[in-house]
Amino acid sequence: WEAIVAKYQSLGVELKGGNCGQSIDREWKLTDCYFGGSFNIPVKDRKRLDRPYMRVDKNALQSSLTPSGAYRVIKSNHISTATSANLYSPTGSLVHDDSGTT
């Protein structure tokens, strides 16, 4: 994250806000990630990240990057229903692209 902050600073942008500063809402010293439920990966399988992990405060980041407030929010427009972990019905109904989530 420090490399990203330094890059923005070199462009004259200071990341502000968040509970931890620099647009960070929360920081963990290590994190367990669960990717199971699709592609035949058991739901209980995990990947431990043995390094700091941070959650970005999206509102603080948005305010830092667009201080004028000139941005557009793309709202979702989909008919998908989550049937289980990482599975949606009907198949192919949840798509993420530059026009939003459809």
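What you are looking at is a predicted structure, and each value in this text was computed from that prediction instead of being measured.

> How would you explain the overall build of the protein if you had to name every residue and give the values?
Per the secondary structure count, the protein includes two helices and eight strands. When the helices and strands of the protein are placed in sequence order, the string is α-β-β-β-β-α-β-β-β-β. Buried residues in the protein amount to 15% of all 102 residues. As presented, the protein carries roughly 8100 Å² of accessible surface, and 52% of it is formed by carbon and sulfur atoms.

> Which residues make up the pattern of salt bridges, and what values go with them?
One pass over the full model with this rule turns up four salt bridges. Ionic pairing is found between D25 and R55, a salt bridge with its closest N-O pair at 2.6 Å. In this pair, D25 sits in strand β1 (residues 24-28) while R55 sits in strand β4 (residues 53-56), placing the two residues 30 residues apart along the sequence. Owing to a relative accessible area of 40%, R55 belongs among the partly exposed residues under this scheme. R46 serves as the salt-bridge partner of D32, at 3.2 Å between the closest nitrogen and oxygen. Remark: R46 occurs in strand β3 (residues 46-49) and D32 occurs in strand β2 (residues 31-34); sequence separation between them is 14 residues. One salt-bridge network, held together by shared partners, links D32, R46 and R48.

> Please provide a residue-by-residue account of unusual backbone geometry, values included.
Working note: non-glycine residues mostly have negative phi, and peptide bonds are mostly trans. With phi around 50°, Q22 is a residue other than glycine that occupies positive phi space. As for its placement among the helices and strands, Q22 is situated in the loop between α1 (2-10) and β1. Residue Q22 is classed as partly exposed on the basis of its relative accessible area of 29%. Notably, S23 is not glycine yet its phi reads approximately 65°, a positive angle. Position of S23 among the secondary structure elements: in the loop between α1 and β1.

> Summarise a nonpolar patch on the surface; cite the residues concerned and give the values.
A cluster of nonpolar side chains, namely F35, F39 and I41, defines an oily patch on the protein surface of about 380 Å² accessible area. By the element assignment, F35 lies in the loop between β2 and β3.

> Describe the environment of T31, and please don't skip the residues or the numbers.
Mapped onto the elements, T31 comes out in strand β2. Given the relative accessible area of 14%, T31 is considered buried. For the pair T31 and M54, spaced 23 residues apart in sequence, the C-alpha to C-alpha distance is 9.5 Å. Ignoring any residue separated from it by four or fewer positions in sequence, one finds T31 in contact with K47, R48, L49 and Y53.

About the thresholds
Residues numbered from 1 in each chain as written. Predicted model: local features only at pLDDT ≥ 70, side-chain atom pairs only at ≥ 80, totals over all residues. Heavy atoms only, no water. Helix = DSSP H or I, 4+ residues; strand = E, 2+ residues; numbered from the N terminus. Buried < 20%, exposed > 50% of the residue type's maximum accessible area, 1.4 Å probe, protein only. Areas by Shrake-Rupley, 256 points an atom, 1.4 Å probe, with all protein chains shown as cover. Salt bridge = Lys/Arg side-chain N within 4 Å of Asp/Glu carboxyl O. Patch = residues over 30% accessible without salt bridge, like charges linked within 9 Å, V, L, I, M, F, W, Y side chains within 5 Å. Contact = heavy atoms within 4.5 Å.

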